[in-house]
Amino acid sequence: MEVQEQDKHNQEKKMLPPPSGTFHTREELLTHVRDFALTQGYMVSIRDSAKDRYVTIACDRGGVYRKRLKNGEKLRQRKNASRLTNCPFEVVGKRDDDVWTLTVKNGEHNHERSKDISDHPSYRHFTEEEVLLIRDMTAAGKRPRQILKALRQRNPNLVSDSRNVYNVKAKIRRESLSESKKVEPSSSSSMGTMNANGVTAMIESQPMVHNSFTMSQSYVESKEVSETKDLVAELCRHFYTLGWLSGTGGSMTIKVHDDSIPRPNQLIVMSPSGFQKERMVAEDMYVLSSDGFMLPTPPLKPYPYQPPKCTDCAPLFLKAYEICNAGAVIHSHGMEACLVTMINPFSKEFRITHMEMIKGIQGHGYHDELVVPIIENTAYGGELTESLTEAMRAYPKTTAVLVRNHGVYIWGDSWISTKTQAECYHYLFDAAIKLHQLGLDWSSPNHGPLRNVNGLWGCSWNFSRAPKVGTFGLDYMIEPSQRCLLLSIEGTVSPKSFVTNILFPYALENVGKHVAMTYDTEETQHDIDLLRSQIQEDLEQGVDGAVPIPPDYVGKELVIASFSANFETMIHTDRKVTSLKQLQGHIWRNGFQSNELVSVVFEDVPEALERWHTSGIKVYIYSSDSREVQQLLFANSNYGDLRKNLCGFFDTTVGNKQVAHSYFEILKTVGVDRPVDMLFVTDSFQEAVAARAAGLEVIISIRPGNEPLPENHGFRTIASLLEI
């Protein structure tokens, strides 16, 4: 009886091979084997393959290690789940008459089931379809992070990370270099070989097929394409003079018009990214197929030019072509397009009527109301694709979409229509800003005075409470409706010199010791992982000074050395990232606990906090330092523990201090319905602008060592918190 139960138990634990069968495609066969293997607790990988004839699939724990280490070196310790055991498992797929047949050659394993299948490197391998997507997005100039996001949208269960994307990109790069050695191009736009007389002999053009439309290499170099490239370069230079494409920002694209080719299949010309738009020439342009496949890229230019890169707006431009049947698109960074979205930070639309220039917008007349949707900005242009698509579908009549604090996308059925509308849109945005400054309502037919709605004038400002230039007198008190104060720390509560001369040097001196002493703790391992992820992102974005942090198996000393180097660079460049702030907080915590550190606050701070607390006014702190650090600073001040007078702490997990949305989040968290009921005190002009855009009352603190303010800054100022 016991033997029967043991046999049954062993049978339940046995890992079965995938059922044999026939499949229509190679990919279908591979998917079948991989999915079945997952259910059994093992993973497979391709051992041998001839793309159109056969594929041999083995357990990923098959094979043995080859000793490549020198004497005295330690063997890398691998996880048990992925360690090679020379597993004999093997199945074979063969193609016969367009049908793939799977047979089991050896269905046995010599190891246990894997408890965590994600430990297997092969589990993080991409499918052939995913590799094709990586190739296409790489050709379009997309970053690994953007590619990974697209892959996860297709497959939410994907466990691969950006390192796996990097590996595929590296393989693609090696293949490209190998191909370029086989064929040396005579120029960026033609390919050929040199004969004995030094004459370039053209290699026969191979047709390129995209979207079921065939075009030859000669057409890519045709007169129509060349003229369109010239036109895009000329318009970029012109728009630069208007302030729409300054600082290498903004972009433009035009479809190559050809009556013999349907518009959906026409080639696309796009301007490059990171390029001085006033110096654009035709050879700098990119040519893409209608489905976004990048054709021969622009030539490299000598230093100090960067390698060519297609605009980050490419996926957004393609959406305008796809959804709106556009013939050209402009992405402008014009100041008026940016400012008009900031007048009312709550609005999702820009509306204007009864203006002559509305007639220049496709499908509109003088008496019509022009409505332009507003979408929220993101850190990278390519991440706007989803929200831009939604806006295009929700507003089928619009030919523009505003991006808050960023700019505008404008399109038309031709480059002339797009240019004309862009000029009209910028005129109307500028008119709205000027009418707002005059206190007039641009959205009503008679453009009368702005109305007071829920205590806010017009779209966001309450002019009856608008701050005036100058300082408060000592008799100034907060108005009864303002029952909340939000304070910055550095330059407002504490001297800047305390941070730069005491806290930062202490962190720099102790980072190596701190990490070495606490290396094996969960907290420090989390700090290392967080900083490693930030460095990986920095490396992808080309941030200066970023040094790769090696994996743990290379040794503790090397990890700490590279970790400390990145930490030092981040402090010197005053990075406002969570990974840095969190680690600083842990180092400073040790300093406060050991009494090596005592925080310094201005002498007026304790009395002001006590007065506000007695008056029933709630006081909150908002700093780029972590909430833990903020509490340490107020708990260990030169005036004792001041936390009893504070109601809460906010850090950059609610958002950047120079972004209006962050203050909306604080208002919602605190429960303040009207933004004007919260007063924000800061030393930073940029933070003051963002808080005012969110509707808060703002005062700028003038302390010794603070940065000078611009002339006519428009904010009230104080030299002491006792003035409030």
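Residues numbered from 1 in each chain as written. Predicted model: local features only at pLDDT ≥ 70, side-chain atom pairs only at ≥ 80, totals over all residues. Heavy atoms only, no water.

So, the sheet that holds strand β2 (residues 44-50)
Here is step 1: The sheet built from 5 strands is open, its strands ordered β1-β5-β4-β3-β2 with antiparallel pairing. This sheet does not close on itself; its edge strands, each paired only once, are β1 (21-23) and β2. Neighbour to neighbour, the strand axes of the sheet diverge by 25 degrees on average, direction disregarded.
Here is step 2: Docked against the sheet, helix α2 (residues 26-40) engages β1, β2, β3 (54-59), β4 (90-96) and β5 (99-106), running at close to 155 degrees with respect to β2. (Pairing = 2+ DSSP bridges. Helix = DSSP H or I, 4+ residues; strand = E, 2+ residues; numbered from the N terminus. Axes fitted to C-alpha atoms, helices over the stretch in contact; angles between N-to-C directions. Contact = heavy atoms within 4.5 Å.)

Examining the side chain of N706
Here is step 1: Structurally, the position occupied by N706 is in the loop between β25 (697-701) and β26 (716-718).
Here is step 2: Reaching out from N706, the side chain makes a polar contact with the backbone oxygen of S701 at a distance of 3.1 Å.
Here is step 3: When sequence neighbours within four positions are dropped, the list of residues in contact with N706 reads G491, K496, D683 and S701. (Polar contact = N/O pair within 3.5 Å; in protein donor to acceptor, adjacent residues only side chain to side chain.)

Overview of unusual backbone geometry
Negative phi characterises most residues that are not glycine, and trans characterises most peptide bonds.
Here is step 1: In this structure, the amide linkage connecting Y303 to the following residue, P304, adopts the cis form with an omega of 15 degrees.
Here is step 2: One can find P304 in the loop between β12 (286-288) and α8 (314-324).
Here is step 3: Phi at D97 is positive, roughly 55 degrees, even though this residue is not glycine.
Here is step 4: With respect to the element layout, D97 can be found in the loop between β4 and β5.

Digging into the environment of E665
Here is step 1: Examined against the element boundaries, E665 turns out to sit in helix α18 (residues 660-670).
Here is step 2: Taking C-alpha positions, E665 is 6.4 Å from V654, a pair spaced 11 residues apart along the chain.
Here is step 3: Here K668 takes part through its side chain, which lies 3.2 Å from a polar atom of the side chain of E665.

Remarks on the confidence of the model for the protein
Here is step 1: With 82% of its residues at a pLDDT of 70 or more, the protein shows a mean pLDDT of 80.
Here is step 2: In the predicted structure, residues 6-11 sits below a pLDDT of 50 and forms 0 contacts with residues beyond four places in sequence or in another chain.
Here is step 3: Low pLDDT, under 50, characterises residues 452-481; the predicted model gives this stretch 63 contacts beyond four residues in sequence or across chains. (pLDDT = per-residue confidence, 0-100.)

Digging into the pairing of β4
Here is step 1: Sheet analysis places β3 next to β4, joined by 5 bridges and oriented antiparallel. Residue pairing in the sheet places A58 in a bridge with E90 of β4.
Here is step 2: Across 7 bridges, β4 lies against β5 in antiparallel orientation. From the neighbouring strand, V91 faces β5, where its bridge partner is V104.
Here is step 3: From the end of β4 to the start of β5, which pair antiparallel, there are 2 residues, and D97 there has a positive phi angle of about 55 degrees.

Section: the sheet that holds strand β14 (residues 349-353)
Here is step 1: The strand order across the open sheet formed by 8 strands is β12-β11-β10-β13-β17-β16-β15-β14, and the pairing between neighbours is mixed. Lying at the two open borders of the sheet, with one neighbouring strand each, are β12 and β14. Ignoring strand direction, the axes of neighbouring strands in this sheet form an average angle of 20 degrees.
Here is step 2: Taken together, the 2 bridges between strand β15 (residues 369-375) and strand β16 (residues 400-403) define a ladder with parallel strand orientation. Note that in β16 the partner of I374 across the bridge is L402.
Here is step 3: Along the sheet, α8 contacts β10 (251-255), β11 (268-270), β13 (328-332) and β17 (407-412); its crossing angle with β10, the most-contacted strand, is approximately 40 degrees.
Here is step 4: Against the sheet, helix α11 (residues 415-437) makes contact with β10, β13, β14, β15, β16 and β17, and its axis sits at roughly 145 degrees relative to β17, the strand it touches most.

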